[in-house]
Amino acid sequence: MLLLPSAADGQGTTVARALTSASALCPVEPVGRWFEAFVKRRNRNASASFQELEDKKELSEESEDEELQLEEFPMLKTLDPKDWKNQDHYAVLGLGHVRYKATQRQIKAAHKAMVLKHHPDKRKAAGEPIKEGDNDYFTCITKAYEMLSDPVKRRAFNSVDPTFDNSVPSKSEAKDNFFEVFSPVFERNSRWSNKKNVPKLGDMNSSFEDVDAFYSFWYNFDSWREFSYLDEEEKEKAECRDERKWIEKQNRATRAQRKKEEMNRIRTLVDNAYSCDPRIKKFKEEEKAKKEAEKKAKAEAKRKEQEAKEKQRQAELEAARLAKEKEEEEVRQQALLAKKEKDIQKKAIKKERQKLRNSCKTWNHFSDNEAERVKMMEEVEKLCDRLELASLQCLNETLTSATKEGGKAALEKQIEEINEQIRKEKEEAEARMRQASKNAEKSTGGGGSSSKNWSEDDLQLLIKAVNLFPAGTNSRWEVIANYMNIHSSSGVKRTAKDVIGKAKSLQKLDPHQKDDINRKAFDKFRKEHGVVPQADNATPSERFEGPCTDFTPWTTEEQKLLEQALKTYPVNTPERWEKIAEAVPGRTKKDCMKRYKELVEMVKAKKAAQEQVLNASRARK
């Protein structure tokens, strides 16, 4: 048996021959037509099986050429050779049914058949009339073969194929039968693509990737279609170079315009298909549903996250609340324990105090004299108030275990210690009071010498002026100083600085000292007049306390009611003061009239004092 496998790299082929004795390898070289086939395979890097397919393809093309049936063009004899540009070259050669799919072999065969049939010499021999020169219709056959046999010219003619349908379906046409309308349109326009393997439109079951690839291809469509065949001017007919350049420029502009229109047509086709494609609507709905699902999932995740945070926050709040309650409970327990201990200590102190009293009572307070016993009782009560529990226990133990004399000595010793302690505390308090008075005198503007010049009358007059001219009065301290200079009986002239310094020192005094000053002034007034004076009803300032009398002062609410009643009932109102008294609950007619007179006097005094201050300031200027 002889095997001849293909040789990919080397030029030799090994043959294995089955012998009776043993197998042997010997080189065999191809010769003749096998060598020619071998060279072709080697140059094309193809296998023997591929070459066999090529040979079969050539044989099939030859058989198709032999089987090709030409269609007679009925208008062939009526064609004008001068108008060859507007003729259908495929129809002239009888290839109207094949057109752009015709091979070069078929075109050559068709031309040969047409020449044999329509050559002028043949027709002349048959007795047909022949036109002279290029006016015979046979020139159209020659021109058709010239155009179709040249690949560049054939490409130009194919671009403007008169039988091609350039129409674009509208959106309304493809409303119900999208695939039936647009599928053939894309099929016939795919012939203009520079790229092979043009994707198909597909059907309703096509995947998203296939549909996306289809529209991506057509939106970026690369067309080889060009329109040089429709040039109105031929540069070969130009008489000079400038005219030839002008013709080329005109032709380029026309081709660019037609190319632009062609691309717009393709874009309109793709846009109409995209807008009517039911798959796009389905994909959009699916995408929308997917986004909605993602949005819901995101919202749900966010809600869960918020719920988790809220739970965590609630847990933290609950933990904080429990911790706070625990802490409060601990504080409460500690307070209870402290209270219990305090109560126990209080009871123990009370018991020890009672024990001390009973012990002293048992010994008849260590005296037979009534006065001494009363004094001893007071001292014992002082011990009960001042001594702590331990001291009381120690003293009671001493009194219980000692004799009467020993107990009396221990008690007196304890009394002396307590009295000494009380005396020291009193001395320290007096020292602090003296130091405070010295500091107050140093802080005043007039110094120590001026403070000695303030009499009791001046101090009382200062208190009255401060109450008469409360905070908020214009140039208040100048007004107070001028008021004192007018009404003072001492004859000492006071400045605003002196008044401010003394007012501050009075403010720092002990309340009992203020009461003492007011009481002395009141006693002096009663001695001079012999009657109890009515209280000054001016609203006391927040700095000083007015003299204490039995007259009920007017409150702020009563003052407002009085002022409103005075406005409501003018001077010419009958029984005016009775109506005013009715408007102020708790006040009589006499009270309202007296208060009104006091207010009038206060206003007049303020105005007079302010005028004096203004006059004094003008005089200084």
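Residues numbered from 1 in each chain as written. Predicted model: local features only at pLDDT ≥ 70, side-chain atom pairs only at ≥ 80, totals over all residues. Heavy atoms only, no water.

Some thoughts on the overall build of the protein
- Within the protein one finds 22 helices and 2 strands.
- A buried classification covers 29% of the 621 residues belonging to the protein.
- In the protein, once contacts between residues fewer than 6 apart in sequence are set aside, the share between residues at least 24 apart is 65%.
- Carbon together with sulfur atoms contributes 52% to the accessible area of the protein, which is approximately 42,800 Å² in total. (Helix = DSSP H or I, 4+ residues; strand = E, 2+ residues; numbered from the N terminus. Buried < 20%, exposed > 50% of the residue type's maximum accessible area, 1.4 Å probe, protein only. Contact = heavy atoms within 4.5 Å. Areas by Shrake-Rupley, 256 points an atom, 1.4 Å probe, with all protein chains shown as cover.)

Quick word on the packing of aromatic side chains
- Scanning all chains against the criterion turns up 19 aromatic pairs.
- An aromatic cluster of three or more residues is present, and its members are Phe178, Phe179, Phe182, Phe186, Phe214, Tyr215, Phe217, Trp218, Tyr219, Phe221 and Tyr274.
- Taking the ring centre of tyrosine 229 as reference, the NZ or CZ of lysine 85 above it sits at 5.9 Å.
- For lysine 143, the ring lying beneath its charged end belongs to tryptophan 84, and the centroid distance is 4.3 Å. (Phe/Tyr/Trp six-rings, centres within 6.5 Å; stacked < 30°, edge-to-face > 60°. Lys NZ or Arg CZ within 6 Å of the ring centre and 35° of its normal.)

Observations regarding the state of the cysteines
- Taken as a whole and judged by the stated rule, the model has 0 disulfides.
- The structure places no disulfide on cysteine 360, whose sulfur is separated from the nearest cysteine sulfur, that of cysteine 384, by 7.8 Å. (Disulfide = S-S within 2.5 Å.)

A word on helix α20 (residues 556-568)
- In a regular helix each residue adds 1.5 Å, so 13 residues correspond to 18 Å; α20 covers 18 Å between its end C-alpha atoms and thus fits that length.
- Residues of α20 that are buried include every one of Glu558, Gln559, Leu562, Ala565 and Leu566, and no others. The buried residues of α20 all sit within an arc of 125° when viewed along its axis, so they share a single face. Exposed residues pointing more than 90 degrees away from the buried face of α20 are listed as Thr556, Glu557, Lys560 and Lys567. (Expected span 1.5 Å × (residues − 1). Arc of directions from axis to C-beta.)

Quick word on the confidence of the model for the protein
- Confidence along the protein averages 79 in pLDDT terms, with 82% of residues attaining 70 or more.
- A low-confidence stretch, residues 1-20 stays under pLDDT 50, and its non-local contacts, those more than four residues away or across chains, total 31 contacts.
- A low-confidence stretch, residues 531-550 stays under pLDDT 50, and its non-local contacts, those more than four residues away or across chains, total 38 contacts. (pLDDT = per-residue confidence, 0-100.)

Details of the side chain of serine 505
- Examined against the element boundaries, serine 505 turns out to sit in helix α18 (residues 496-507).
- Accessibility expressed as a relative area gives 10% for serine 505, which makes it buried.
- Separated by 2.6 Å, the side chain of serine 505 and the backbone oxygen of lysine 502 make a polar contact. (Polar contact = N/O pair within 3.5 Å; in protein donor to acceptor, adjacent residues only side chain to side chain.)

Some thoughts on the environment of proline 585
- Checked against the element boundaries, proline 585 lands in the loop between α21 (576-583) and α22 (589-620).
- For proline 585, a relative accessible area of 56% translates into the label exposed.
- C-alpha separation for the pair proline 585 and glutamate 558, spaced 27 residues apart in sequence, amounts to 7.9 Å.
- The residues touching proline 585, leaving out its near neighbours within four places in the chain, are Glu558 and Leu561.

A few points about the nonpolar core
- Judged by nonpolar contacts, the single largest core of 25 residues is most densely connected at Phe178, Phe182, Phe186, Tyr215 and Trp218.
- For this core, the elements supplying multiple residues, two or more each, are α8 (178-189), α9 (208-219), α10 (241-276) and α11 (278-362).
- No other element matches α8, which puts 6 residues into this core.
- Contact partners of tryptophan 218, with chain neighbours within four places excluded, come to Phe186, Asn189, Ser190, Val198, Pro199, Ile266 and Val270.
- Core analysis: the second largest hydrophobic core is formed by 22 residues, Tyr90, Tyr137, Ala156 and Tyr229 among them. (Core = buried A, V, L, I, M, F, W, Y, C linked by side-chain atoms within 4.5 Å.)

Let's talk about unusual backbone geometry
- At asparagine 197, a position not held by glycine, the phi torsion is positive, near 55°.
- Tracing the chain through its elements places asparagine 197 in the loop between α8 and α9.

What about α9?
- Taking 1.5 Å per residue, 12 residues should reach 16 Å; α9 reaches 16 Å between its end C-alpha atoms and fits that length.
- Residues of α9 that are buried: Val211, Phe214, Tyr215, Phe217 and Trp218. One side of α9 carries all its buried residues, which in axial view fall inside an arc of 155°.

Points about the pattern of salt bridges
- Taken as a whole and judged by the stated rule, the model has 29 salt bridges.
- The salt bridge partner of glutamate 187 is lysine 200, with a shortest N-O separation of 3.0 Å. Taken together, the residues glutamate 187 in helix α8 and lysine 200 in the loop between α8 and α9 connect sequence positions 13 residues apart.
- Residue glutamate 187 is classed as partly exposed on the basis of its relative accessible area, which comes to 43%.
- When its relative accessible area of 56% is taken as the criterion, lysine 200 is described as exposed.
- Note that glutamate 305 is salt-bridged to lysine 309, the shortest N-O span being 3.6 Å. Taken together, the residues glutamate 305 and lysine 309, both in helix α11 and 4 residues apart, mark about one turn of the helix.
- Taking relative accessible area as the criterion, lysine 309 reaches 52% and is therefore assigned exposed. (Salt bridge = Lys/Arg side-chain N within 4 Å of Asp/Glu carboxyl O.)

Focus on the packing of α11 against helix α13 (residues 389-401)
- Axis separation between α11 and α13 bottoms out at 9 Å; the angle between their running directions is 30°. When the interaxial angle is binned, α11 and α13 end up roughly parallel. For the pair α11 and α13, the crossing hand works out as left-handed. Contacts between α11 and α13 involve Gln345, Ala348, Ile349, Glu352, Arg353, Lys355, Leu356 and Ser359 on the former and, on the latter, Leu389, Leu392, Gln393, Leu395, Asn396, Leu399 and Thr400.
- For the contact of α11 with α13, the class distribution of residues is 7 nonpolar, 5 polar and 3 charged. (Axes fitted to C-alpha atoms, helices over the stretch in contact; angles between N-to-C directions. Parallel < 35°, antiparallel > 145°, perpendicular 65-115°, else oblique. Left-handed = near helix turned anticlockwise from the far one by under 90°. Nonpolar A, V, L, I, M, F, W, Y, C, P; charged D, E, K, R; others polar.)

Things to note about the side chain of threonine 573
- Relative to the assigned elements, threonine 573 resides in the loop between α20 and α21.
- Reaching out from threonine 573, the side chain makes a polar contact with the backbone oxygen of proline 570 at a distance of 3.0 Å.

Brief notes about the packing of α8 against α10
- One way to put it is that α8 packs onto α10 with a least axis distance of 11 Å and a crossing angle of 155°. By the angle class used here, α8 and α10 are roughly antiparallel. For the crossing formed where α8 meets α10, the hand is left-handed. From α8, Phe178, Phe182, Val185, Phe186 and Asn189 reach across to α10, where they touch Arg265, Ile266, Leu269, Val270, Asn272, Ala273 and Cys276.
- A breakdown of the residues in the contact of α8 with α10 according to their chemical character gives 9 nonpolar, 2 polar and 1 charged.

Describing the environment of phenylalanine 366
- Structurally, phenylalanine 366 is set in the loop between α11 and α12 (370-386).
- Given the relative accessible area of 5%, phenylalanine 366 is considered buried.
- Placed 42 residues apart in sequence, phenylalanine 366 and lysine 408 show a C-alpha to C-alpha distance of 6.3 Å.
- Setting aside chain neighbours within four positions, we find phenylalanine 366 in contact with Cys360, Leu399, Lys404, Gly407, Lys408 and Leu411.

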